[in-house]
Amino acid sequence: MPSFPGRHTQHLLGLQGMTPDQIEPLLDLAESYALLNRSRKVSRDVLRGRTLINLFFEDSTRTRTSFELAGKRLGADVINMSVAQSSVNKGETLLDTAATLNAMQADLLVVRHAQSGAPALLAQKVEACVVNAGDGTHEHPTQALLDALTIRRHCGHLAGLTVAICGDVAHSRVARSDIHLLTTMGSRVRVVGPPTLVPNALRHLGVEVFHTMEEGLKDVDVVIMLRLQRERMSAGLIPSAREYFRFYGLDNRRLALAKPNALVMHPGPMNRGVEIDSQVADSDQSVIQEQVEMGVAVRMAVLDRLTRSRHSA
Amino acid sequence: MPSFPGRHTQHLLGLQGMTPDQIEPLLDLAESYALLNRSRKVSRDVLRGRTLINLFFEDSTRTRTSFELAGKRLGADVINMSVAQSSVNKGETLLDTAATLNAMQADLLVVRHAQSGAPALLAQKVEACVVNAGDGTHEHPTQALLDALTIRRHCGHLAGLTVAICGDVAHSRVARSDIHLLTTMGSRVRVVGPPTLVPNALRHLGVEVFHTMEEGLKDVDVVIMLRLQRERMSAGLIPSAREYFRFYGLDNRRLALAKPNALVMHPGPMNRGVEIDSQVADSDQSVIQEQVEMGVAVRMAVLDRLTRSRHSA
Amino acid sequence: MPSFPGRHTQHLLGLQGMTPDQIEPLLDLAESYALLNRSRKVSRDVLRGRTLINLFFEDSTRTRTSFELAGKRLGADVINMSVAQSSVNKGETLLDTAATLNAMQADLLVVRHAQSGAPALLAQKVEACVVNAGDGTHEHPTQALLDALTIRRHCGHLAGLTVAICGDVAHSRVARSDIHLLTTMGSRVRVVGPPTLVPNALRHLGVEVFHTMEEGLKDVDVVIMLRLQRERMSAGLIPSAREYFRFYGLDNRRLALAKPNALVMHPGPMNRGVEIDSQVADSDQSVIQEQVEMGVAVRMAVLDRLTRSRHSA
């Protein structure tokens, strides 16, 4: 029963346009994998004899490792290819690289690329299922799915919640996927940050825009802090890390403006003392480690679902 | 039934000196693995409990990945070692590295090295089966085997075919292995390129030498285009990539000189617009992706055969 | 039956403080794995479904490969993370990295780090079993265990033997772990080298200090040569590699001072002609390759024991 519409049947390129009917079962499946992971009882049969290739044109040990673990736990043969080693350096085009991996009978291609749309381009050329592991400023769908699952585990549901996404929203594929997913599931989403990083134009995504943490965090159920890319400073978008923390860092005082027991989230790796205070990061309200755990489970669910869809199609 | 003579019983160091009786069964076995790969039905028992170490002193993601997949699909434990990480950088000798891997009970050592003869040197010192994955300008036997298999699948046989190998033949281990294999199997081999890259002295290998594509491609059954190493330009052996393409690039006009439906091959990665035109690379006559697919199958056959020979010896 | 006391129940951070009752069964188990490795008959069930992460903040292909093989042969899912790729480079703290891996449900964390004590710090924060794969100048416990196993196989016992450890003892975690283990098992340990690398203060470790090879090697049963770190020269601790060899290199003439058939050992990779002469390294008395073989077996025993201890606890 293929549950992703159109080209989504075989690939996971983004969350924009997906419906709650498609998302809920995926979160349910991920939740069941989370339990199996804890008891070390995952069946190797799900992807036995299948080949997963991690094709990373940008470094991301964290995401790559999460997909690698997800694939191996399900029994796949997992191959890591980082661009530094790849023949892309020898002048080969992206599409030739994809065609090569396809010819090696890859079943799943997990792609991270600095260019928005690169995974979608590949998906048109290969028989493998393509999973977007982050492309430019476009989407990072598995990150949003793991965020949603983590929230759902704590709040029981997503509809009706108010979620603040704080930081460099304009350049963040995590924020973009979170916004698509959370608004689809009925959450109210706020974006919070300085006008250089959170322009008012973001309203077209269906979110509320705030330029102070004090207003933005008021009575929210969930705070998602984004990682501050150091490059933003050299680009002059923010004055300094210290200034940034002073106005937009999450500390206990600001967190107190949110609802009692509001969840604190971060996609990692954290810049402690820049976008988030250590006390908050390590507090009882922080579910940052649980996000990592759900990350593996969500990726297992995605790999499982895509390969099943394809073969029952 | 060990089918490689002498030291070939245990290792695959080169194709020079092998006979059709040794090559045909290997291609047959590879062909059966190609079918099993398509149906995802390879038995993990062939190399279960065996250790394959990819020891690459030169980068080659493509070849390394192909061997990694071949090993994993047959059930081996596969370890990748690239020289950048290895203790070779700490001053350890090549032979000490080999002795170390041998002591770890590697069953298969897949070796790529910039020095011709390095794999043969290692083979004298280790109990593991050594597979040459490309050494200097000497040989790249699995590439030639996959080329031969691809041709055989399309033409039904190798004997009597005319095959043109075009480009930097003098420095190419691929060309050298192709020449040994194809002439052994009864093909007529032509080498085509400028005199700096295709000297007349190559005739001693039993090939015909041509210095224009127009003469060299006339009525051939197969065109193998070699990758142009950019280093050749800085060495002054060719004037520029643009000049090169003008005289020695494969485009539709030149391909029309070959037999109708002549096969177009390339070991990859391609320099589109340098040695090969995109229209040709992506045409129906191109079997370049099939070469990649046969590459995995051929390597599975080699790994299977070598370990069987050894243990039945 | 957890056999490591206190915090050692779950981790292997160092050998200091361990008793013969804890060490002997580990060597016995390693010996049995050495036999299984030779016959390629290791059961994949020991670590099936378990995750081992190699977390290397310093390069060491040799040790990393040994742990990777050990984990894979026992059936674990093995993930390699080297610091060059990791988000540590993005400013993440060591403890956040550890927390992330823990959240991914790593069962075993094999850690190499330039800072003494880093693995112990991690061990306090994670549920995974932590194995120290070398930390600063502190300990390298699996190296000492493999040294002890190699000696025991040749001499039948460790008690009463005289062992000379020669070279840069002061900065060597290998020497430190060897000293703890061998003295605990009843060997007499000598340390030999120039005063800059072997200060008299080492006596507090319960060893005899010698500053000439001629005195230090006299009548010993075992000679362990340490690797000379090239950095020692730039630091002015030794004049030159040539001078070093002249005074402290192991050659046949010096080896003749030891007992007949004394064992020659080296943790690798060797600097031939610097700390050891090639004739000695390749002689019948050298058990350097056997050390590598025992290394895989010892690591299998450690991984097996730690996960069993934990789950029976």
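Per an unreviewed UniProt entry, the recorded name for chain A is Aspartate carbamoyltransferase, and the organism is Acetobacter cibinongensis. Quoted straight from UniProt, the Catalytic activity (unreviewed entry) entry for chain A says "carbamoyl phosphate + L-aspartate = N-carbamoyl-L-aspartate + phosphate + H(+)". Under the heading Subunit (unreviewed entry), UniProt records this for chain A: "Heterododecamer (2C3:3R2) of six catalytic PyrB chains organized as two trimers (C3), and six regulatory PyrI chains organized as three dimers (R2)."

Time to look at the overall build of chain A. Helices and strands together make up the secondary structure of chain A, namely 12 helices and 9 strands. Here the C-alpha atoms of chain A give a radius of gyration of 19 Å, agreeing with the 20 Å that 2.2 N^0.38 yields for 313 residues. If you line up chain A on its principal axes, its C-alpha atoms span 55 × 45 × 35 Å. Going through the 313 residues of chain A one by one, you find that 63% of them count as buried. The long-range fraction of contacts in chain A, counting pairs at least 24 apart against all pairs at least 6 apart in sequence, stands at 74%. When the accessible area of chain A is evaluated, it comes to approximately 11100 Å², of which 50% is carbon and sulfur surface.

In terms of nonpolar packing, the biggest core is built from 113 residues, with L109 of chain B together with L145, I165, V169, V191, L250 and I276 of chain C touching the most fellow members. Tallying contributions element by element places helix α12 (residues 288–312) of chain C first for this core, with 11 residues. In contact with I165 of chain C, not counting residues within four places along its chain, are A175, D178, I179, V189, R190, V191, V192, I224 and L226 of chain C. With 112 residues, the next largest nonpolar core counts V111 of chain A together with L47, L52 and A241 of chain B among its residues.

All right, on to the interface of chain B and chain C then. In this assembly, 24 residues from chain B lie in contact with 23 residues from chain C. Both faces considered, chain B and chain C share a buried interface measuring about 2200 Å² in area, 48% of it formed by carbon and sulfur atoms. Along the contact surface separating chain B from chain C lie 3 salt bridges. The closest approach of N and O atoms between D77 of chain B and R44 of chain C, which form a salt bridge, is 2.6 Å. Here chain B is connected to chain C by 10 residue pairs in polar contact (both at pLDDT 80 or more). Elements with a minimum of two residues in the side of chain B that touches chain C: β2 (77–82) and α3 (94–103) of chain B. Ranked by residue count, the leading element in the side of chain B that touches chain C is β2 of chain B, at 5 residues. Taken together, the residues of the side of chain B that touches chain C break down into 8 nonpolar, 10 polar and 6 charged.

Glancing now at the pattern of salt bridges. Within the structure shown, the criterion is met by 66 salt bridges over all chains. A salt bridge links E243 of chain A to R246 of chain A; the nearest nitrogen and oxygen atoms lie 3.3 Å apart. Highlighted residues: E243 of chain A and R246 of chain A, both in helix α9 (residues 241–248), separated by 3 residues, approximately one helical turn. The partly exposed category is assigned to E243 of chain A, whose relative accessible area is 30%. Linking R254 of chain C and E214 of chain C is a salt bridge whose minimum nitrogen-to-oxygen distance equals 2.8 Å. In this pair, R254 of chain C is assigned in helix α10 (residues 252–255) and E214 of chain C in helix α7 (residues 213–216), connecting sequence segments 40 residues apart. Residue class for R254 of chain C comes out buried when judged on its relative accessible area of 3%. Ionic contacts of the salt-bridge type, sharing partners, join the residues E24, D28, E31, R152, R153 and E290 of chain A into one network.

All names here are of chain B. The buried fraction of strand β1 (residues 51–56) amounts to 6 of the 6 residues, a majority that puts the element mostly inside the structure. Burial of the side chains of β1 extends over both faces: T51, I53 and L55 are buried on one face and L52, N54 and F56 on the other. Between the parallel elements β1 and β2, the chain passes through helix α2 (residues 61–73) in a crossover that is right-handed.

Let's shift gears to the sheet that holds β1 of chain B. Hydrogen bonding along the main chain pairs the strands of a sheet, whether they run parallel or antiparallel. All names here are of chain B. A sheet is described by the order of its strands in space; here 4 strands give the open sequence β2-β1-β3-β4, paired in parallel fashion. Edge positions in the open sheet fall to β2 and β4 (129–135), since each of these has one partner strand only. For this sheet, the mean inter-axis angle between neighbouring strands, taken without regard to orientation, is 15°.

Turning to helix α9 (residues 241–248) of chain C, a few remarks are in order. Residues and elements named next belong to chain C. Among the residues making up α9, those that are buried are A241, Y244 and Y248. Projection of α9 onto a plane perpendicular to its axis shows the buried side chains occupying an angular sector of 60°, all on one side. For α9, the exposed residues lying more than 90 degrees away from the buried face are R242 and R246. Packed against the buried residues of α9 are α7, β8 (222–225), α8 (231–234) and α10.

Time to look at the side chain of E68 of chain A. Residue and element names in this part refer to chain A. Structurally, E68 is set in helix α2 (residues 61–73). Here the side chain of E68 touches R64 through a polar contact of 2.5 Å, side chain to side chain. A distance of 3.1 Å separates a polar atom in the side chain of E68 from a polar atom in the side chain of N80.

Our next topic: the UniProt feature "binding site: L-aspartate" (unreviewed entry) in chain A. All names here are of chain A. The feature "binding site: L-aspartate" (unreviewed entry), as given by UniProt, occupies K90, R173 and R227 in the numbering adopted here. Tracing the chain through its elements places R173 in helix α6 (residues 173–184). Looking at R173, the relative accessible area reads 14%, which means it is buried. Beyond its immediate stretch of four places on either side in the chain, R173 contacts E58, R112, H113, G134, D135, G136, T137, H138, E139 and H140. Among the structural elements, R227 can be located in the loop between β8 (222–225) and α8 (231–234). At 2.7 Å, the side chain of R227 forms a polar contact with the backbone oxygen of P269.

If you rotate chain B by 120° and push it 0.0 Å along the axis, it lands on chain C with an RMSD of 0.0 Å. What we have between these two chains is a three-fold relation.

In this section: unusual backbone geometry. Omega for the peptide link from G268 of chain B to P269 of chain B comes to -10°, which places this bond in the cis form. By the secondary structure assignment, P269 of chain B is in the loop between β9 (263–265) and α11 (278–281). A positive phi angle, near 55°, is found at R40 of chain B, a position not held by glycine. Look at R40 of chain B and you get partly exposed, because its relative accessible area is 25%. Positive phi, close to 65°, is recorded for N261 of chain C, a residue that is not glycine. Looking at the element boundaries, N261 of chain C is found in the loop between α10 and β9 (263–265).

What follows concerns the interface of chain C and chain A. At the junction of the two partners, chain C supplies 23 residues and chain A supplies 23 residues. Across the chain C to chain A interface the summed buried area is about 2200 Å²; carbon plus sulfur atoms make up 48%. There are 3 salt bridges connecting chain C and chain A. Between R40 of chain A and D107 of chain C there is a salt bridge, and its shortest N-O distance comes to 2.7 Å. Applying the counting criterion to the chain C and chain A interface returns 10 residue pairs in polar contact (both at pLDDT 80 or more). When residues of the side of chain C that touches chain A are traced back to their parent elements, those giving at least two are β2 (77–82) and α3 (94–103) of chain C. In terms of residue count, β2 of chain C provides more of the side of chain C that touches chain A than any other element does, 5 residues in total.

Okay, the environment of V209 of chain B next. Residues and elements named next belong to chain B. Considering the arrangement of structural elements, one finds V209 in strand β7 (residues 208–210). Look at V209 and you get buried, because its relative accessible area is 12%. Linking V209 and S187, residues 22 residues apart in sequence, is a C-alpha distance of 15 Å.

Let us look at the confidence of the model for chain A. This prediction gives chain A a mean pLDDT of 92; 93% of its residues lie at or above 70. Predicted as a complex, the structure gets a pTM of 0.94 and an ipTM equal to 0.91.

How each quantity is defined
- Residues numbered from 1 in each chain as written.
- Chains lettered and ligands numbered in written order.
- Predicted model: local features only at pLDDT ≥ 70, side-chain atom pairs only at ≥ 80, totals over all residues.
- Heavy atoms only, no water.
- UniProt positions renumbered as here; feature names shortened; annotations may be inferred.
- Helix = DSSP H or I, 4+ residues; strand = E, 2+ residues; numbered from the N terminus.
- Rg over C-alpha atoms; globule rule 2.2 N^0.38 Å.
- Buried < 20%, exposed > 50% of the residue type's maximum accessible area, 1.4 Å probe, protein only.
- Contact = heavy atoms within 4.5 Å.
- Areas by Shrake-Rupley, 256 points an atom, 1.4 Å probe, with all protein chains shown as cover.
- Core = buried A, V, L, I, M, F, W, Y, C linked by side-chain atoms within 4.5 Å.
- Buried area = accessible area lost by both parts, 1.4 Å probe.
- Salt bridge = Lys/Arg side-chain N within 4 Å of Asp/Glu carboxyl O.
- Polar contact = N/O pair within 3.5 Å; in protein donor to acceptor, adjacent residues only side chain to side chain.
- Nonpolar A, V, L, I, M, F, W, Y, C, P; charged D, E, K, R; others polar.
- Right-handed = clockwise from strand over helix to strand, strands pointing away.
- Pairing = 2+ DSSP bridges.
- Axes fitted to C-alpha atoms, helices over the stretch in contact; angles between N-to-C directions.
- Arc of directions from axis to C-beta.
- Least-squares fit on C-alpha atoms with pLDDT ≥ 70 in both.
- pLDDT = per-residue confidence, 0-100.

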